Amino acid sequence: MIQTAITAFRLPDVRRKILFTIGLLVLFRLVAHIPMPGVATDRLQEFFEGNQLLGFLNLLSGGALENFSIVALGVYPYVTAMIAFQVLTPLIPRLQELSKEGESGRKKIAQYTRIATVPFAMLQGFGQITLLRSSQADLISPSLGAPEIVAMLIVMAAGSMFLLWLGELITENGVGNGVSIIIFAGIVAGAPQAVGQALFAGENIGGFLAVVVIGLAMISAIVFVQEAQRRIPVHYAKRVRGNRMYGGQSTHIPLKVNSAGMIPLIFAFSFMLLPGTIASYFEGADVTWLAGLASGIANAMSPSNFIYWVATFFLVIAFTYFYTLVIFQQQNLAENLQKNGGFIPGIRPGRPTQQYLMRVVNRLTLAGSLFLGFVAVLPFLAQLVTNVNAVALSSTGLLIVVGVVLDTMRQLEAQLLMRNYEGFIR
């Protein structure tokens, strides 16, 4: 593999793409350390350690939110807009028509997604500023008025669009998916600090080594499940047009065990963290019953509570089924097969093919959802076994990192195979 990497770097065009990607990632990390004015950055880290929701958003922002930099929102507003359009496409006839128009329709939906990123960024930025201003630590200067807050929102939205632009440049001229690479860079950049804290914060070394072993086993399991697929055989009937014969080929439809990726984890953690975060700001209310209710909700939704992880496990399963169903319906596999003269052996084209594929997808999704649920609660289980305060959301970060690495390796693999070189994956 090392020799293959050296070979890839020796190819001028591949080397240019790799260096271009690295250069933009360095630019991203530099911009991520430019703080917004009027923010007490020295007290932000302590506040983030006690707020799980902000910790989760900081993960998706690539670590930029912890410094409350000009790109504090990261690419999360774009991810939110993209998920929203994927969910709304089957429900809105206009979007459904665009999705069936091929490349031109997908480009229009992508443009709508970029436009929707701006209001999502403004809304999310306002929520984060409000959250920081409501804290007792005076993280944002109380002297800032409405004009200054509006200016901050504009800068934060512009920062998100700037990162989105960098991501698209990486996708077009670099290696890998740009948006995923930016999230990946932020997670990896924070890894040395997390390891250093675990080693020098008084944790037991044996427990830390056990966490490392569990992490390596988790990476192996993620790679295995991410690459696992069920191949449905497909035959194409022979067709004669003029003096030429078309079709008569055999291929397969690769149905992945985990086709939803990390999206169910994002949904589940966001859903679980939001009520507890909101309730924590009403625990000091003057109304007795309101303060008691808020305290009960905050305790029930705390990551230290066993109920929190049980609910997270089942939410991940539910969101996996929901998101997989949405993605599968958008692909219209049975309809596309019938249009191109393809059929599954032993299955009639049309509705029977759709029902057969749906049954297979449901079975695969069961295995994939159980795996994602286990991945979501594994940090909690690791903490019980090793007595080490593992990062509660490291499962999501690890899934993102492994997925991005695999996708990037596939792209480099394709670049090498095009030039008759041996690839990474054997």
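Here is a short report on the structure shown in this document. (Residues numbered from 1 in each chain as written. Predicted model: local features only at pLDDT ≥ 70, side-chain atom pairs only at ≥ 80, totals over all residues. Heavy atoms only, no water.)

**Thoughts on helix α5 (residues 76–88)**
Taking 1.5 Å per residue as the helical rise, α5 with its 13 residues ought to reach 18 Å, and the 18 Å between its terminal C-alpha atoms agrees with that figure. Among the residues of α5, those classed as buried are Y76, P77, Y78, V79, A81, I83 and F85. (Helix = DSSP H or I, 4+ residues; strand = E, 2+ residues; numbered from the N terminus. Expected span 1.5 Å × (residues − 1). Buried < 20%, exposed > 50% of the residue type's maximum accessible area, 1.4 Å probe, protein only.)

**Here's the deal with the packing of aromatic side chains**
What the rule picks out here adds up to three aromatic pairs. Where F162 meets W165, the ring centres are 6.1 Å apart and the plane angle is 40°; that geometry is what we call tilted. With F162 and W165 both in helix α8 (residues 146–173), this residue pair falls three residues apart, about one helical turn. The class for W165 is partly exposed, based on a relative accessible area of 48%. When the ring of Y308 is compared with that of W309, the centres are 5.1 Å apart and the planes differ by 85°; the resulting orientation is edge-to-face. For W309, a relative accessible area of 5% gives the class buried. (Phe/Tyr/Trp six-rings, centres within 6.5 Å; stacked < 30°, edge-to-face > 60°.)

**Here we look at the pattern of salt bridges**
Under the definition given, this model contains two salt bridges. E97 is the partner of R94 in a salt bridge, and the nearest nitrogen-oxygen pair spans 4.0 Å. With R94 and E97 both in helix α6 (residues 93–99) and three residues apart, this pair spans about one turn of that helix. A salt bridge links R114 to E168; the nearest nitrogen and oxygen atoms lie 2.5 Å apart. Linking R114 in helix α7 (residues 103–133) with E168 in helix α8, this pair joins segments that are 54 residues apart in sequence. Judged by its relative accessible area of 26%, R114 falls in the partly exposed class. Residue classification places E168 among the partly exposed residues on the basis of a relative accessible area of 23%. (Salt bridge = Lys/Arg side-chain N within 4 Å of Asp/Glu carboxyl O.)

**A word on a nonpolar patch on the surface**
A cluster of nonpolar side chains, namely F9, L19, I22, V26 and L30, defines an oily patch on the protein surface of about 460 Å² accessible area. With four residues, the top contributor of residues to the nonpolar patch is helix α2 (residues 12–31). By the secondary structure assignment, L30 is in helix α2. Since its relative accessible area comes to 57%, L30 is described here as exposed. (Patch = residues over 30% accessible without salt bridge, like charges linked within 9 Å, V, L, I, M, F, W, Y side chains within 5 Å. Areas by Shrake-Rupley, 256 points an atom, 1.4 Å probe, with all protein chains shown as cover.)

**With respect to the nonpolar core**
Ranked by size, the top nonpolar core spans 35 residues in total, and within it I232, I253, L255, I344 and L357 carry the most contacts. Every element with two or more residues in this core is listed here: α10 (205–227), β1 (229–236), β4 (250–256), α11 (263–280), α13 (306–331), α14 (333–339), α15 (351–386) and α16 (394–418). Among the elements that line this core, the one with the most residues is α15, at 12 residues. With residues up to four places along the chain from it excluded, the contact list for L357 reads I232, L255, F328, L333, A334 and I344. (Core = buried A, V, L, I, M, F, W, Y, C linked by side-chain atoms within 4.5 Å. Contact = heavy atoms within 4.5 Å.)

**Considerations on the sheet that holds β1**
With respect to topology, three strands assemble into an open sheet ordered β4-β1-β5, the strand pairing being antiparallel. Two strands lie at the open edges of the sheet, namely β4 and β5 (342–343), each paired on one side alone. One ladder, built from two bridges, connects β1 with β5; its direction is antiparallel. Opposite H235, over in β5, you have F343 as the bridge partner. (Pairing = 2+ DSSP bridges.)

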